[in-house]
Amino acid sequence: MADNTQQERVGVYVCHCGSNIAGVVDVQSVARFAAEDLKGRGVVVARDYTFMCSVTGQELIEQDIREQGLTRVVVAACSPHLHEGTFRGACGRAGLNPYLAEMASIREHVAWVHTDKAVATAKAKAIVNGAVERVLRNEPLEAIRVPIEAGTLVVGGGIAGLQTALEIAEAGYPVHLVEREPSIGGHMAQFDKTFPTLDCAACILTPKMAAAGSHPHIQLHTWSEVEKVEGYVGNYTVTVKKKPRYVLEDVCTGCGICIEKCPVLVVDEAHDAGIGYRKAIYTPFAQAVPNIPVLDPDTCTYYVGGKGGCRACEKFCPTEPNSIVFDQQEERITLRVGNIVLATGWDLFDARRIHQYGYGRLANVFTNLELERMCNAAGPTGGKVVLRDGQTAPARVGIVHCVGSRDRNYNNWCSSICCMQSVKLAHLVKERTGAEVFNFYIDMRTPAKDYDEFYQRVLDEGVHFIRGKVAEVSDVPRGPDEQGPLFVQVEDTLAGLQRRIPVDMVVLSAGLEPRRDSKAVGKTFGIACSTNGWFIEKHAKLDPIATMTEGVFVAGCAQGPKDIPASVAQGAAAAARVLSYIRQGELALEPVRASVNEAQCSGCRLCNGLCPFNAISFIEERRVTEINAALCQGCGTCVAACPAGAISGSGFSNEQLLAQIEGLLLDVARVPEPA
Amino acid sequence: MSESAFEPVIIGFTCNWCSYRAADLAGTSRIKYPPNVRLIRVMCSGRIDPTFVLKALADGADGVMIAGCHPGECHYLEQNYKALRRHRLLQRTLAQFGIEPERVRLTWASAAEGARFAEEVGAMVDEVKKLGPLNWPTRPVPQSEAAAEVAP
Ligand code: FES
């Protein structure tokens, strides 16, 4: 390889990371190797230090750059995903182009995954050598600066998304809030009381919904879904599909006469969790925002039955022009935004999957959401807790925790809210019916503020807590004297015996699951899901708000199960991050881009079909290919494909990568045979 | 060299968005895997020029592992399919050179799959151990074998 690397002066810094690296890798030996064996490759200083990322560690580098005239820096430490920015910053401060620094990952890829010290040290040396060879071929680069659009897209109008939207709008920037249901509000709108304070969910949620609905900076797109996202941080173009409401949004006054007159009654599977009814034209609940009905073409007689329908809604609609439009079509709108916040929420675990608990088979087995609707004064039973017959109050109620959660057969995770939700429901049932309540739990998890106090209070109220995983809910008595009608079979692990508790009603505290389509949604936005289906945050501890895709943030349960305060906090945090981007006005992007050397391009057009971003075009007059730097995302596929070597990829050039390969193989390099 | 004493050296190409992060996660989760793989980060598996693989083999590696995002999950939409095609072609070329195609393994690991990444490394190392050292370019290629590999 042509060597124009002779005049470079390289500094190598080996981090102990406390004992994280030094416990497995002989860091001194690695530093010595760099200092002595790589002297011929331009290494002029090599040091090891406890924490390179600390201020002193960084100053060490800065000082060497200034005093020893370093022209290249290698830091052997953790993954570049953690501290590349840190060390580039140090170089920049000392006047060295930040892209002349490289990291060698000897923590994640060596110390943490290997145990044999000698082997780990040898591997660390090879990696350092690879990084030195590579950095010698690095070119000084300038970050690409892109302007940030001031608008933000928030996906999901539950409590997390609402919080984000309101915070950004309050700061004076435009927000597009997209919600797939007819109204914003999310799951919280279904609840009655919230733990541990027992304030009414609607009382604290609806003011926020109303504020979002009327905010001059928030544009609601309900009954809509994001279909396509193009672009990159600061410059996203989003296509939103507006499903037909069959009602003119800007004419309808929300008077509700159409709903009143509609003769079709349908089971409400969405808002009322299957235990209430709605009309064929409906708003999901009274405080819906926007207060505009949707017509359900699957049940409206205009569409089904083939007789032209009753058209009662149209007849009685008082607006001019008539708000009902039976042939309304799907619409697509395009939004330009700089940042995106995904607050798409969760789905309830389908309790039918646990057959032995009887949900869907035994009438008086309910889900927590059904009970939640029953407790709600605006719900289908007007706040009364009753059996499936709609009138009898239960005298004995069993509440089963962890249904579908912490269970290898279903979901491994703890849904984090079920314990508190079950305790709250126990309280509400007792308060409303005076019933004897039994809670069956595996472990009580009441970690947040005032949670355990609430649990103590409900214990004092006389709710029984039985520790054990329920084996079965059955309606078959074991003998003539057994009085059910339902029996909860459980091993009481504290008393050390099997118990069979007769009850009238069983409530299954079903867990939280990722949205069924979370993988597809993640793909639309270019972010990844964990194997379980929750969106992956940028860093589990230090950045639970951003994602791997710049300009896309997550909030609420879409990122993992959490309660309302945590969702609100994360929603607000996402807003703060977005605002910080907006206020910066522009952002620096990694200057990893492909470019064509026209003199070398033979015009073969091999690369032309490879770019999914349409960055590559062929210039007919000059018979050469050109790459649009603004569209190029830097994947490097065209660089790898060019047979003439005419395309180069900054940051990941052929020279850099080939040199790194050679460097990594230093200890096994084959000596060419004499000819 | 006896088979048990043979410790192959493998170059692993990982993409910035999924497989490199899977390797990071294996680290953070302290999952142990054999130390024979040395990683190179590229932005995408589509960046991997077959020349890199040949270079690694020629320079002393006994095998090359290419790891990208799962099909359909490439950060650049579909470039890992291009890596897949190149890998197929490359394996045929290698066979014609008399090199066992299994020495170049293509695999996928998402950013959440640290354990899978570690398993894949383990499997790759086992495979190459079975094949033995590459010893390229001095490796003798039996004529009949080479001819058989070329036949379609
Ligand atoms: S980014 Fe991972 S394969 Fe393309």
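Numbering of residues starts from 1 in every chain and runs along the sequence as written. Think of it this way: whatever chain is written first is A, whatever ligand is written first is 1, and the rest follow in order. For a predicted model such as this one, the threshold for reporting local features is a pLDDT of at least 70, and the threshold for listing and counting side-chain atom pairs is 80 or more; totals across whole chains, interfaces and linings nevertheless cover every residue. Calculated side-chain values reflect all of the structure's heavy atoms, with hydrogen atoms and water omitted.

## Comments concerning the overall build of chain A
So, point 1. A run of DSSP states H or I qualifies as a helix once it reaches four residues; a run of E qualifies as a strand once it reaches two. Both are numbered from the N-terminal end. The secondary structure content of chain A amounts to 16 helices and 34 strands.
So, point 2. Looking at chain A residue by residue over its 675 residues, the buried ones come to 55%.
So, point 3. Note on contacts: a residue pair is in contact if any heavy atoms of the two residues lie within 4.5 Å. For chain A, contacts bridging at least 24 residues in sequence account for 68% of all contacts bridging at least 6.
So, point 4. For chain A, the accessible area works out to roughly 28200 Å², and carbon and sulfur atoms hold 51% of it.
So, point 5. When the 66 positive and 77 negative side-chain charges of chain A are each reduced to one mean point, those points stand 1 Å apart. Here's how the labels work: a residue is buried when its accessible area is under 20% of the maximum for its type, exposed when over 50%, partly exposed in between, all with a 1.4 Å probe on protein chains only. Accessible surface is estimated by sampling points in the Shrake-Rupley manner with a 1.4 Å probe; for residues, cover comes only from the protein chains shown. In this charge count, Lys and Arg are treated as positive and Asp and Glu as negative; neither His nor the chain ends contribute. Throughout, a charge is located at the NZ atom of Lys, the CZ atom of Arg, the CG atom of Asp or the CD atom of Glu.

## Thoughts on the overall build of chain B
So, point 1. Scanning chain B from N- to C-terminus turns up five helices and four strands.
So, point 2. N-terminal to C-terminal, the α/β element order of chain B is β-α-β-α-β-α-β-α-α.
So, point 3. In chain B, buried positions account for 61% of the 152 residues.
So, point 4. The contacts in chain B between residues at least 6 apart in sequence include a share of 80% that link residues at least 24 apart.
So, point 5. Carbon and sulfur atoms provide 55% of the accessible area of chain B, an area that totals close to 6000 Å².

## Notes on the sheet that holds strand 3 (residues 72-77) of chain A
Residues and elements named next belong to chain A.
So, point 1. Strand pairing is defined by DSSP finding a minimum of two bridges between the two strands. Strand order in the open sheet formed by four strands is 2-1-3-4, with parallel pairing between adjacent strands. Of all strands in the sheet, those with a lone pairing partner are strand 2 (43-49) and strand 4 (101-105), marking the two edges. On average, each strand axis in the sheet is tilted by 15° relative to the strand beside it, whichever way the strands run.
So, point 2. Here strand 1 (residues 10-15) pairs with strand 2 via six bridges, running parallel. Paired with V10 across the bridge in strand 2 is V43.
So, point 3. A fitted line through C-alpha atoms serves as each axis, taken over the contacting stretch for helices, and the angle formed by two N-to-C directions is quoted from 0 to 180°. Of the strands in this sheet, strand 1, strand 2 and strand 3 touch helix 2 (residues 55-68), which is tilted by about 165° from strand 2.

## Concerning the interface of chain B and chain A
So, point 1. Facing 54 residues of chain B, the contacting portion of chain A comprises 51 residues.
So, point 2. Roughly 4500 Å² of surface becomes buried between chain B and chain A when both sides are summed, with 61% attributable to carbon and sulfur atoms.
So, point 3. Defined here as a combined quantity, buried area equals the accessible surface (1.4 Å probe) lost by two parts on assembly, summed across both. For chain B, the biggest contributors to the area lost against chain A are R38, R41 and R47 of chain B; these three give 16% of the whole.
So, point 4. By salt bridge we mean one thing: a side-chain nitrogen of Lys or Arg within 4 Å of a carboxyl oxygen of Asp or Glu. The interface formed by chain B and chain A holds three salt bridges in total.
So, point 5. Under the rule applied, a polar contact is a pair of N or O atoms within 3.5 Å (in protein, one hydrogen donor and one hydrogen acceptor; residues adjacent in sequence only if both atoms are side-chain atoms). Where chain B packs against chain A, one counts 18 residue pairs in polar contact (both at pLDDT 80 or more).
So, point 6. Sorting the residues of the side of chain B that touches chain A by element identifies strand 1 (10-15), helix 1 (19-28), strand 2 (37-42), helix 2 (50-58) and helix 3 (79-97) of chain B as the ones contributing at least two each.
So, point 7. Ranked by the residues each element gives to the side of chain B that touches chain A, the list is headed by helix 1 of chain B, at seven residues.

## Focus: the domain arrangement of chain A
Residues and elements named next belong to chain A.
So, point 1. Domain parsing of chain A yields domain 1 (10-141), domain 2 (148-243 + 332-341 + 520-532 + 551-589), domain 3 (246-329) and domain 4 (346-513).
So, point 2. Relative to domain 3, the C-alpha centre of domain 2 lies at a distance of 27 Å.
So, point 3. For the pair domain 2 and domain 3, the summed buried surface comes to about 1100 Å²; carbon and sulfur atoms form 64% of the total.
So, point 4. The largest contributions to the domain 2 side of the interface with domain 3 come from P182, S183 and Q190, which together make up 38% of the buried area.
So, point 5. Seen at the junction of domain 2 and domain 3, the total is one salt bridge.
So, point 6. A salt bridge links K242 to E249, with the nearest nitrogen and oxygen atoms 3.7 Å apart.
So, point 7. Here domain 2 and domain 3 share four residue pairs in polar contact (both at pLDDT 80 or more) between them.
So, point 8. With five residues, helix 7 (residues 201-214) is the single largest residue contributor to the side of domain 2 that touches domain 3.
So, point 9. Looking at the side of domain 2 that touches domain 3, its residues break down into eight nonpolar, five polar and one charged. Domain ranges listed in this record stem from an automatic or a database domain assignment. In this classification, Asp, Glu, Lys and Arg are treated as charged, Ala, Val, Leu, Ile, Met, Phe, Trp, Tyr, Cys and Pro as nonpolar, and every other residue, Gly included, as polar.

## Looking at the packing of aromatic side chains
Residues and elements named next belong to chain A.
So, point 1. Note on ring pairs: Phe, Tyr and Trp rings are taken, using the six-membered ring of Trp, and paired if centres are within 6.5 Å. Classes follow the plane angle, with under 30 degrees stacked, over 60 edge-to-face and the rest tilted. Throughout the structure, instances matching the rule amount to 13 aromatic pairs over all chains.
So, point 2. For a lysine, the NZ atom is tested; for an arginine, the CZ atom; a charge sits over a ring if that atom is within 6 Å of the ring centre and within 35 degrees of the ring normal. The aromatic ring of F366 is capped on one face by R388, whose charged end is 4.0 Å from the ring centroid.
So, point 3. Sitting above the plane of the F618 ring, R605 keeps its charged end 4.1 Å from the centroid.

## Things to note about the sheet that holds strand 7 (residues 175-178) of chain A
Residue and element names in this part refer to chain A.
So, point 1. With respect to topology, five strands assemble into an open sheet ordered 10-7-6-18-29, the strand pairing being parallel. On the outer flanks of this sheet lie strand 10 (218-221) and strand 29 (552-554), each paired with one strand and no other. Neighbour-to-neighbour, the strand axes of this sheet turn through a mean angle of 20°, independent of strand direction.
So, point 2. Against the sheet, helix 6 (residues 159-170) makes contact with strand 6 (152-155), strand 7, strand 10 and strand 18 (339-342), and its axis sits at roughly 165° relative to strand 7, the strand it touches most.

## Considering helix 3 (residues 80-93) of chain A
So, point 1. For helix 3 of chain A, built from 14 residues, the straight-helix expectation of 20 Å at 1.5 Å per residue is met to within 8% by its first-to-last C-alpha distance of 19 Å.
So, point 2. P80, E84, F87, R88, A90 and C91 of chain A are the residues of helix 3 of chain A that are buried. Buried positions in helix 3 of chain A, seen along its axis, are confined to an arc of 155° and lie on one side of it.
So, point 3. Taken together, the buried residues of helix 3 of chain A touch helix 2, strand 3 and strand 4 of chain A together with helix 1 and strand 2 of chain B.
So, point 4. Just past helix 3 of chain A, the residue G95 of chain A takes up positive phi, approximately 90°. Multiplying 1.5 Å by the helix residue count minus one yields the expected span of that helix. Here the arc refers to the directions that run from the helix axis out to each C-beta atom.

## A few points about the state of the cysteines
Residue and element names in this part refer to chain A.
So, point 1. A pair of sulfur atoms, both from cysteines and within 2.5 Å, is called a disulfide here. For the structure on display, the rule yields one disulfide over all chains.
So, point 2. The disulfide bridge from C200 ends at C203, spanning 2.2 Å between sulfur atoms. The chirality of the disulfide connecting C200 with C203 is right-handed, given an S-S dihedral of about 95°.
So, point 3. Its sulfur unpaired, C262 is 6.1 Å from the next cysteine sulfur, which belongs to C310.

## Focus on the side chain of N129 of chain A
So, point 1. Mapped onto the secondary structure, N129 of chain A falls in helix 5 (residues 117-136).
So, point 2. Ignoring sequence-local partners within four residues, the contact set of N129 of chain A consists of F33, L38, G663 and L666 of chain A.

## Observations regarding the environment of Y13 of chain A
Residue and element names in this part refer to chain A.
So, point 1. Secondary-structure assignment places Y13 in strand 1.
So, point 2. The exposure class of Y13 is buried, given its relative accessible area of 0%.
So, point 3. When the C-alpha atoms of Y13 and A574 are compared, they prove to be 35 Å apart, with 561 residues separating the residues in sequence.
So, point 4. Beyond its immediate sequence surroundings of up to four residues, Y13 is in contact with V45, R47, M52, L60, I61, D64, L70, V73, V74, V75 and A76.

## Some points on the pattern of salt bridges
So, point 1. If you walk through the whole model with that rule in mind, you get 52 salt bridges over all chains.
So, point 2. In this structure, the salt-bridge partner of E84 of chain A is R88 of chain A, at a minimum N-O distance of 3.6 Å. In this pair, E84 of chain A and R88 of chain A both sit in helix 3, four residues apart, roughly one turn of the helix. Comparing E84 of chain A with R88 of chain A, the two get one shared label, buried.
So, point 3. Salt bridges linked by common partners bring E84, R88 and E590 of chain A together with R41 of chain B together as one network.

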